[in-house]
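# Examining the three-dimensional arrangement
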Amino acid sequence: MSSSPTDVLVDVTMPQMGVSVAEGTIVAWRVEVGHRIEADQPICDITTDKIDTEVPSTASGVVAEILVPVESTVEVGTVLARIATGAASPEQPLDGDNGGPSRTETQSPSTPTPRAGNGHRRYSPVVQRIAAEHGIDLSQVEGTGRGGRVRKQDVLAFVESAPVEEPPLHIESPYRPEPVAPVVDGGLSRMRRQIGEHMKRSLDTTATCTTWIEVDMSRVEAARARLGVTALAFVARATIDALREHPALNAWLEGENYTRVSDVNLGIAVSLGEDGLIVPVIARAHELSVEGLAARVKDLARRARARELTPDEVQGGTFTITNPGQYGSIMATPIINLPQVGILDFEAVVKRAVVVTDSDGNDSIAIRPMTILGLSWDHRALDGAVSAQFLATVKRLLESV
């Protein structure tokens, strides 16, 4: 389709979905050239190593160009399609008589019609990597994703269900095979490089300082056992309340532009194992109770590992909490998630002997569940006093649950 001289062409690009996501693969196009589409209506389906999602149209109009064919993998920011916003009614309406997308017998070579089911196998980079590591023929794996697409979980389930070869009967055979040299990985994955570049850019850009504080988690441990939630939910709630008291930390610093944000959009770092990490965002987290936060964190973590997050759920964070303490670590210096100005590190809760003072001022030794919270903050935007006050507020809130 050719646009008229009065048309305005609007680009639809590959969206950014998390700091370490650098590329995405087109799974299916929902429209063809010449179809009418409305703003925010899904125009195509994409997959990345972390998220499967739909890409919405950025404008209402007629699809003038589709630039990336199905199964092509392109970098974030690549123009996928263009919408002519001033075009007249198209010759091909979006919806046919059956309520679905209409199809023509001829179409541009650059926009093949996707086929559903097993006739068109769709493999993301992470799926291909796992299959190669385990010597799996992906044509034998049943896909549970949209249109029969094989997901990471499908490959892992196939690996677990594969029969284990029986060892030889005579295990003491005098014949010994030559030792196989270990395979050395020649480099980092693209995602690992992207995470590294983002973290290095943060260290190069920010004036990072880290402040720690000890917290007695006795009351939190009792309360979480009563409510059946994790300690992270209480730390998140205390962090939110502390950010409301110290709004200088709930902010973005982009270049020389420092902006305090009224809403607390709380990012929670989620490890994806060898696939890197992602930071889902709980929008307007200040509106949620401890129980509500616990439910949202659990849901986001589950969907992050299943690659079911939407682009909106990994954008717009104003402050981040990372929780490596679940693995037993006791102290760390987290790197700030740009353009935020602070990140809180929640470490393991460990029972230790500490000095406690009673109401009469008498000291004694007692066993208490203790943790260390570490706050990395950007000295360009904040001073040490504000950071220490923030941590003291979090401590006070947690110890008075």
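This text follows the structure it describes.
To keep things clear, this report deals only with the structure shown in the data block. (Residues numbered from 1 in each chain as written. Predicted model: local features only at pLDDT ≥ 70, side-chain atom pairs only at ≥ 80, totals over all residues. Heavy atoms only, no water.)

To continue, consider the overall build of the protein chain. Counting its regular elements, the protein chain contains 7 helices and 19 strands. A buried classification covers 44% of the 401 residues belonging to the protein chain. Partitioning the intrachain contacts of the protein chain with sequence separation of at least 6 by distance along the chain shows that 65% fall at a separation of at least 24. If you sum the accessible surface of the protein chain, you get close to 20,700 Å²; carbon and sulfur atoms cover 53% of it. (Helix = DSSP H or I, 4+ residues; strand = E, 2+ residues; numbered from the N terminus. Buried < 20%, exposed > 50% of the residue type's maximum accessible area, 1.4 Å probe, protein only. Contact = heavy atoms within 4.5 Å. Areas by Shrake-Rupley, 256 points an atom, 1.4 Å probe, with all protein chains shown as cover.)

Under the criterion given, the structure shown has 1 aromatic pair. Taken together, a centroid distance of 5.7 Å and an interplanar angle of 55° make the contact between Phe319 and Phe390 tilted. Remark: Phe390 occurs in helix H7 (residues 384–399) and Phe319 occurs in strand E16 (residues 319–322); sequence separation between them is 71 residues. (Phe/Tyr/Trp six-rings, centres within 6.5 Å; stacked < 30°, edge-to-face > 60°.)

Moving on: unusual backbone geometry. Of the consecutive residues Leu338 and Pro339, the connecting peptide bond is found in the cis state with omega at 0°. Considering the arrangement of structural elements, one finds Pro339 in the loop between E16 and strand E17 (342–346). Its identity is not glycine, yet Asp40 carries a phi of approximately 75°, on the positive side. Tracing the chain through its elements places Asp40 in the loop between strand E3 (36–37) and strand E4 (42–47).

Now for the sheet that holds strand E2 (residues 23–29). Sheet architecture is open: 4 strands sit in the order E5-E4-E2-E7, paired in antiparallel fashion. The sheet is open, and its two borders are formed by strand E5 (52–56) and strand E7 (73–75), each paired with just one other strand. Averaged over all pairs of adjacent strands, the angle between strand axes in this sheet comes to 40°, irrespective of strand direction. (Pairing = 2+ DSSP bridges. Axes fitted to C-alpha atoms, helices over the stretch in contact; angles between N-to-C directions.)

The next thing to look at is the sheet that holds strand E8 (residues 79–84). Strand pairing in a sheet relies on backbone hydrogen bonds. The paired strands run either parallel or antiparallel. With respect to topology, 4 strands assemble into an open sheet ordered E1-E8-E6-E3, the strand pairing being antiparallel. Strands with a single pairing partner mark the edges of an open sheet, and in this sheet they are strand E1 (9–13) and E3. For E1 and E8, the ladder comprises 5 bridges, and the chain directions are antiparallel. Bridge pairing in E8 links Leu9 to Ala84.

Given a rise of 1.5 Å per residue, 16 residues ought to cover 22 Å, and the 22 Å separating the end C-alpha atoms of H7 matches this to within 8%. Restricting attention to buried positions, one finds in H7 the residues Ser387, Phe390, Leu391, Thr393, Val394 and Leu398. Considered in projection along H7, the buried side chains sweep an arc of 155° and stay on one side of the axis. Where H7 is buried, its residues touch strand E9 (208–216), helix H4 (218–227), helix H5 (231–245), E16, E17 and strand E19 (363–378). (Expected span 1.5 Å × (residues − 1). Arc of directions from axis to C-beta.)

Another point: helix H2 (residues 152–161). For H2, the set of buried residues is Lys152, Asp154 and Val155. An end-on view of H2 places all buried positions within 165° of arc, on one side of the element. Residues Glu160 and Ser161 are exposed on H2 and point more than 90 degrees away from its buried face.

Examined against the element boundaries, Gly342 turns out to sit in strand E17. With 94 residues separating them in the primary sequence, Gly342 and Ala248 have C-alpha atoms 9.6 Å apart. Residues within four places of Gly342 in sequence aside, it is in contact with Phe319, Thr320, Ile336, Ser376 and Trp377.

Looking now at the nonpolar core. Core analysis: the biggest nonpolar cluster contains 70 residues, and Ile43, Phe390 and Leu398 have the highest contact counts within it. In terms of residue count, H5 provides more of this core than any other element does, 10 residues in total. (Core = buried A, V, L, I, M, F, W, Y, C linked by side-chain atoms within 4.5 Å.)

Bringing the side chain of Ser387 into the picture now. With respect to the helices and strands, Ser387 occurs in helix H7. Filtering out sequence-adjacent residues up to four positions away, Ser387 remains in contact with Thr211, Leu375, Trp377 and Leu382.

What you see with strand E10 (residues 251–254) is a clean split: Ala251 and Leu253 sit on the buried side and Trp252 and Glu254 on the side with no burial. Relative to strand E11 (residues 257–260), E10 runs antiparallel, the two being bridged by 4 bridges. Of the residues in E11, the one forming a bridge with Glu254 is Asn257. Counting the residues that bridge the hairpin from E10 to E11 gives 2 residues, and of these Gly255 lies at a positive phi of roughly 65°.

According to the stated counting rule, one finds 19 salt bridges in the structure shown. With its nearest N and O atoms 2.9 Å apart, the salt bridge here joins Lys395 to Glu399. Here Glu399 and Lys395 lie together in helix H7, a separation of 4 residues that amounts to about one turn. Classification of Glu399 as partly exposed rests on a relative accessible area of 28%. The network of salt bridges with shared partners includes Asp299, Arg302, Arg303, Glu308 and Glu313. (Salt bridge = Lys/Arg side-chain N within 4 Å of Asp/Glu carboxyl O.)

Attention now goes to the environment of Leu373. Mapping Leu373 onto the fold places it in strand E19. For the pair Leu373 and Met331, spaced 42 residues apart in the sequence, the C-alpha separation amounts to 7.8 Å. With residues up to four places along the chain from it excluded, the contact list for Leu373 reads Thr211, Trp212, Ile213, Val215, Leu344, Asp345, Phe346, Leu391, Val394 and Leu398.

In this section: a nonpolar patch on the surface. Residues Trp212, Ile330, Met331 and Val350 make up a contiguous nonpolar surface patch of about 360 Å² in total accessible area. Along the chain, Ile330 falls in the loop between E16 and E17. (Patch = residues over 30% accessible without salt bridge, like charges linked within 9 Å, V, L, I, M, F, W, Y side chains within 5 Å.)

Here we come to the side chain of Ser376. If you trace the backbone, Ser376 turns up in strand E19. Since its relative accessible area comes to 0%, Ser376 is described here as buried. Within the structure, Ser376 has its side chain in polar contact with the backbone oxygen of Pro334 (distance 2.6 Å). If we ignore the near neighbours within four places in the chain, the residues touching Ser376 are Thr208, Cys209, Thr210, Thr333, Pro334, Ile336, Val341, Gly342 and Ile343. (Polar contact = N/O pair within 3.5 Å; in protein donor to acceptor, adjacent residues only side chain to side chain.)

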